Amino acid sequence: MSTIHWKAPVKERVITIRGLYKSFGSNHVLRGIDLDLDRSENVVVLGRSGTGKSVLIKIICGLLKPDAGEVMVLGKDVPHLREKELRALRLKLGFSFQSSALYDSMTVRENLEFPLVQNSKHLTSKQIKQAVEEVLDAVGLIQTLNQMPAELSGGQRKRIGIARTLILQPEIMLYDEPTAGLDPITSIEINNLINEVQQRYHTSSIIITHDLTCAKTTGDRVAMLLDGKFVKQGSFEEVFTTEDERIKSFYDYNFIQQ
Amino acid sequence: MNGIENESYRRPKKITQFFLDIYLAFAFIIKFFKEAFVPPFHFKEVVKQCYNIGYKSLALITVTGFITGLVFTKQSRPSLAEFGATSWLPSLVSIAMIRALAPLVTALICAGKVGSNIGAELGSMKVTEQIDAMEVSAINPYKFLVSTRVLACTLMLPLLMFYTGFVGLMGSFLDVHANEQTSMATFFQNAFASINFLDYWTSIAKAVIYGFTIGIVGSYKGFNASNGTTGVGSAANSAVVTSMFIIFIEEIVIVQISNYIRGGF
């Protein structure tokens, strides 16, 4: 009888962060961050406002330079990339801003076409139109095609912001407070959308939030950021099964708020 | 004692910040020459900005230029009439318009209208993270937003300057014709007889430099806006004040240089 050798699937690491430090003047925001993200994994970074969660993902996509530490994204050392190399890498990263950051002088269609037109010169207008309609359909907002961002609700703006990043077919999605400022129903819709994006486009994601429902719904793994360091990483249940008062109070506060 | 200590602590910091600001401003200008003339080019955006800067300023430029020419003629008439030299009005006005008034009036109007517009627009994009959104979409925001606006300002200011000169001379002609019954042909013959090649080139150089100044100052202020909506207002205001200040300094320098070329100060 032949022996069947079971081989665990090797997870491909898409982001590796080691010993990351970042300060703004005397404000030491990140004090030695270590984080890994595997392909097709959703990692939620939880923490209070002002703890440097957004700073972390801005460093990952090269918008900010770290003071010290290693940031490897898809095998590239982000802080030491040249501008041209960084732009090439950014084509594989999608960044959903807390404020959505839609170009307010452009319609929804133009907002979606813009990154595609600027980065894929070889595409025909028919292909661009098709790509725009496809991502709008994916976020369920095909009817807003000719509307201006000012005419959209907060939830719609978030969805269009996500659609705009999806149009470049990124491998990694970075969500900055995707449910901030939204009502509970819309928040659930956005959480579902994040999961749908992961399944449909096979993206790996880092989700920055202080919303526990969002963390529980979207995260394969949760990393708790306190005082500039990750104090605990694991599944949602693992993180909140703890005696650490700081983590417990964060959970209790969210629970009472809800 | 504490106050003195604090003051002495603050002063070097302010001086350092001042020199840092100058360094950053020059780095911003140098970046324009690195970015604007290498592909990819955004021709459509340059044309769009030329339309915004040039065509949309026409109404204001027309009114201002016309009134400048008309008022300058009216104010100059009594002085020339004392010597019986009102026939020199076309020459006087044309020299004043082409050499000084047309470039300066156009630049000041555009600094107010276009400079504030660029400062506010880019400032608003900065504080609402739209510039960061461009950056993470692998688009060079400097190239797309700054280079195109600066190029459009630099291209449009000379055209607007000639238009201001023409409209100003028309204003002047209206007054001269009403008082001296001078024909249009005679007026313009006298007007252009006193302007030489150097006058045209000096004015074009002025307009190009002023246009570049308005575009780069507006963009710099907008690109470095912070503190939300207050920052947007400050960026717009600061863009106008700074560009006007620099334009006046440039005017003095260019006039000195052109006088030197003419053969004397």
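Cut-offs and rules
Residues numbered from 1 in each chain as written. Chains lettered and ligands numbered in written order. Predicted model: local features only at pLDDT ≥ 70, side-chain atom pairs only at ≥ 80, totals over all residues. Helix = DSSP H or I, 4+ residues; strand = E, 2+ residues; numbered from the N terminus. Buried ≥ 20, exposed ≤ 12 C-beta atoms within 10 Å, placed from the backbone. Contact = placed C-beta atoms within 7 Å. Pairing = 2+ DSSP bridges. Domains from an automatic or database assignment. Nonpolar A, V, L, I, M, F, W, Y, C, P; charged D, E, K, R; others polar. Expected span 1.5 Å × (residues − 1). Core = buried A, V, L, I, M, F, W, Y, C linked by C-beta atoms within 7 Å. Axes fitted to C-alpha atoms, helices over the stretch in contact; angles between N-to-C directions.

**Examining the overall build of chain A**
Part 1: Across its full length, chain A holds 9 helices and 10 strands.
Part 2: Expressed along its principal axes, the backbone C-alpha trace of chain A runs to roughly 55 × 55 × 55 Å.
Part 3: When the 258 residues of chain A are sorted by exposure, 43% land in the buried category.
Part 4: Taking the intrachain contacts of chain A between residues at least 6 apart in sequence as the baseline, contacts between residues at least 24 apart amount to 66%.

**Quick word on the pairing of strand S6 (residues 93-96) of chain A**
All names here are of chain A.
Part 1: Of the two faces of S6, the one holding Leu-93 and Phe-95 and the one holding Gly-94 and Ser-96 are both buried throughout.
Part 2: Pairing analysis gives 4 bridges linking S6 to strand S7 (residues 172-176), with the strands arranged parallel. When the sheet's bridge partners are listed, Ser-96 is paired in S7 with Tyr-175.

**As for helix H3 (residues 108-119) of chain A**
Residues separated by three or four positions in an α-helix point in the same direction, a consequence of the helix having 3.6 residues per turn.
Part 1: Within H3(A), burial applies to Val108(A), Asn111(A), Leu112(A), Glu113(A), Pro115(A) and Leu116(A).
Part 2: Against helix H4 (125-138) and helix H5 (154-166) of chain A lie the buried residues of H3(A).

**Some remarks on the domain arrangement of chain B**
One frequently used descriptor of interface size is the decrease in accessible area upon assembly of the parts.
Residue and element names in this part refer to chain B.
Part 1: In terms of domain boundaries, chain B breaks down into domain 1 (1-35) and domain 2 (41-262).
Part 2: One C-alpha centre belongs to domain 1, the other to domain 2, and the line joining them spans 30 Å.
Part 3: Taken together, the contact between domain 1 and domain 2 spans 6 residues of the former and 7 residues of the latter.
Part 4: Of the residues assigned to the side of domain 1 that touches domain 2, the class counts are 4 nonpolar, no polar and 2 charged.

**Focus on H5(A)**
Residues and elements named next belong to chain A.
Part 1: An ideal rise of 1.5 Å per residue puts 18 Å on 13 residues; H5 measures up with 19 Å between its terminal C-alpha atoms.
Part 2: Taken across its 13 residues, H5 has 12 buried, putting it largely inside the fold.
Part 3: Of the positions making up H5, those classed as buried are Gly-155, Gln-156, Arg-157, Lys-158, Arg-159, Ile-160, Gly-161, Ile-162, Ala-163, Arg-164, Thr-165 and Leu-166.
Part 4: Where H5 is buried, its residues contact S6, H3, H4, S7 and helix H6 (184-201).

**A few points about the interface of chain A and chain B**
Part 1: Counting residues at the interface gives 15 residues for chain A and 10 residues for chain B.
Part 2: When contributions to the side of chain A that touches chain B are tallied by element, the ones reaching two or more residues are helix H2 (83-90), S6 and H3 of chain A.
Part 3: The dominant element in the side of chain A that touches chain B, judged by the number of residues it contributes, is H3(A), at 3 residues.
Part 4: Looking at the side of chain A that touches chain B residue by residue, the classes come out as 10 nonpolar, 3 polar and 2 charged.

**As for the nonpolar core**
Part 1: By size, the foremost hydrophobic cluster in this structure holds 119 residues, and its most contacted members are Val45(A), Ile60(A), Ala163(A), Leu174(A), Ala223(A) and Leu157(B).
Part 2: In terms of residues, this core owes the most to one element, helix H4 (residues 89-127) of chain B, which gives 18 residues.
Part 3: Ignoring any residue separated from it by four or fewer positions in sequence, one finds Ile60(A) in contact with Ile15(A), Val71(A), Val73(A), Val78(A) and Leu174(A).

**Examining the sheet that holds S7(A)**
Residues and elements named next belong to chain A.
Part 1: Spatially, the 6 strands line up as an open sheet ordered S6-S7-S8-S3-S9-S10, and their pairing is mixed. On the outer flanks of this sheet lie S6 and strand S10 (229-234), each paired with one strand and no other. Here the strands of the sheet are splayed against their neighbours by 15° on average, with no regard to which way each runs.
Part 2: Contacting S6 and S7, H5 crosses the sheet at an angle of about 170° to S6.
Part 3: Along the sheet, H6 makes contact with strand S3 (42-46), S7 and strand S8 (204-209), crossing S8 at roughly 165°.

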